[in-house]
Amino acid sequence: MLRIVMTGEVADLALEVNSVLREYLSIQNRIFKFSLKKALGLFRPDPLEASEAVVPLLDRLEKVRIGIRGLSPSDESEEGRFLMVLRAYSRAMSEAMESFRDLCVKLERHKKDRKYRKGPYLEDMKSFQEMETRYLEIGLKLNELKKSISEESEK
């Protein structure tokens, strides 16, 4: 997660991305995270509900990317590099969210199909995890840039 020390529009954009990330992870956890209630059959996650809950988050990430474009970042400054990586991060997160949505739709469509769980589901999950890994790797770069900016501002 990002902890921002920056001020102004850059900080606002980064905080919005962080907020979207938290909400997305909460939605994702309702589907994938183990719970005793799920294991006992007392709670059944609704993949279509999760899929639809991601839509407003995708819209918010698009607004972030538009905001970044409006700032016209250049890679000549630390903050400019941060914005460019933030844009890549938000794009990769959007792609992972779309993959999550597709997976949720497939889970709903095949909820009574045991063959899906043994074959195509594993492939779909692998593809989704690759998308997740991509935005997480960009997030590491983003955190390094943020750290560098914070260190510069402390001098």
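Before reading on, note that the structure itself is shown above.
Residues numbered from 1 in each chain as written. Predicted model: local features only at pLDDT ≥ 70, side-chain atom pairs only at ≥ 80, totals over all residues. Heavy atoms only, no water.

### Observations concerning the overall build of the chain
Piece 1. When helices and strands are counted, the chain shows six helices and zero strands.
Piece 2. Each helix (α) and strand (β) of the chain, taken in turn from the N terminus, gives the series α-α-α-α-α-α.
Piece 3. Taken over the C-alpha atoms alone, the chain extends approximately 60 × 25 × 25 Å along its principal axes.
Piece 4. Per-residue burial for the chain yields a buried fraction of 38% across its 155 residues.
Piece 5. When the accessible surface of the chain is summed, it comes to about 9700 Å², and 51% of that surface belongs to carbon and sulfur atoms.
Piece 6. Separation between the mean location of the 29 positive side-chain charges and that of the 27 negative ones in the chain comes to 8 Å. (Helix = DSSP H or I, 4+ residues; strand = E, 2+ residues; numbered from the N terminus. Buried < 20%, exposed > 50% of the residue type's maximum accessible area, 1.4 Å probe, protein only. Areas by Shrake-Rupley, 256 points an atom, 1.4 Å probe, with all protein chains shown as cover. Lys, Arg positive; Asp, Glu negative; His and termini not counted. Charge placed at Lys NZ, Arg CZ, Asp CG, Glu CD.)

### Things to note about a nonpolar patch on the surface
Piece 1. A cluster of nonpolar side chains, Phe34, Leu36, Leu40 and Leu42, forms an exposed patch at the surface whose accessible area comes to about 520 Å².
Piece 2. Checked against the element boundaries, Phe34 lands in the loop between helix H1 (8-32) and helix H2 (36-39). (Patch = residues over 30% accessible without salt bridge, like charges linked within 9 Å, V, L, I, M, F, W, Y side chains within 5 Å. Salt bridge = Lys/Arg side-chain N within 4 Å of Asp/Glu carboxyl O.)

### Brief notes about the nonpolar core
Piece 1. By size, the foremost hydrophobic cluster in this structure holds 38 residues, and its most contacted members are Tyr24, Leu86, Met93, Met97 and Phe100.
Piece 2. Mapped onto this core, the elements with two or more residues apiece are H1, helix H3 (47-71), helix H4 (78-109) and helix H6 (120-154).
Piece 3. The biggest single contributor to this core is H4, with 13 residues.
Piece 4. Once you skip the residues sitting within four places of it in the chain, Leu86 turns out to touch Leu13, Ala14, Val17, Ile68 and Leu142. (Core = buried A, V, L, I, M, F, W, Y, C linked by side-chain atoms within 4.5 Å. Contact = heavy atoms within 4.5 Å.)

### Topic: the environment of Lys141
Piece 1. Note on placement: Lys141 falls in helix H6.
Piece 2. Classification of Lys141 by relative accessible area gives exposed; the value is 54%.
Piece 3. Sequence separation between Lys141 and Leu86 is 55 residues; the distance between their C-alpha atoms is 9.3 Å.

### Description of the packing of H3 against H4
Piece 1. Their axes nearest at 9 Å, the elements H3 and H4 cross at an angle of 165°. On the basis of their axis angle, the class for H3 and H4 is roughly antiparallel. Crossing handedness for the pair H3 and H4: left-handed.
Piece 2. Per-class residue counts for the contact of H3 with H4 are 18 nonpolar, three polar and eight charged. (Axes fitted to C-alpha atoms, helices over the stretch in contact; angles between N-to-C directions. Parallel < 35°, antiparallel > 145°, perpendicular 65-115°, else oblique. Left-handed = near helix turned anticlockwise from the far one by under 90°. Nonpolar A, V, L, I, M, F, W, Y, C, P; charged D, E, K, R; others polar.)

### Here's the deal with the pattern of salt bridges
Piece 1. As enumerated under the stated definition, the model contains 10 salt bridges in all.
Piece 2. A salt bridge links Arg101 to Glu98, with the nearest nitrogen and oxygen atoms 3.9 Å apart. On the criterion of helical spacing, the pair formed by Arg101 and Glu98 is a turn pair, its members being three residues apart in helix H4.
Piece 3. Assessed through its relative accessible area of 19%, Arg101 is described here as buried.
Piece 4. A relative accessible area of 35% means that Glu98 is categorised as partly exposed.
Piece 5. Between Asp124 and Lys106 there is a salt bridge, with the nearest N and O atoms lying 3.4 Å from each other. With a gap of 18 residues between them, Asp124 in helix H6 and Lys106 in helix H4 connect regions that are remote in the sequence.
Piece 6. Here Lys106 falls in the partly exposed class, since its relative accessible area comes to 29%.
Piece 7. Sharing partners across several salt bridges, the network here consists of Glu16, Glu23 and Arg60.

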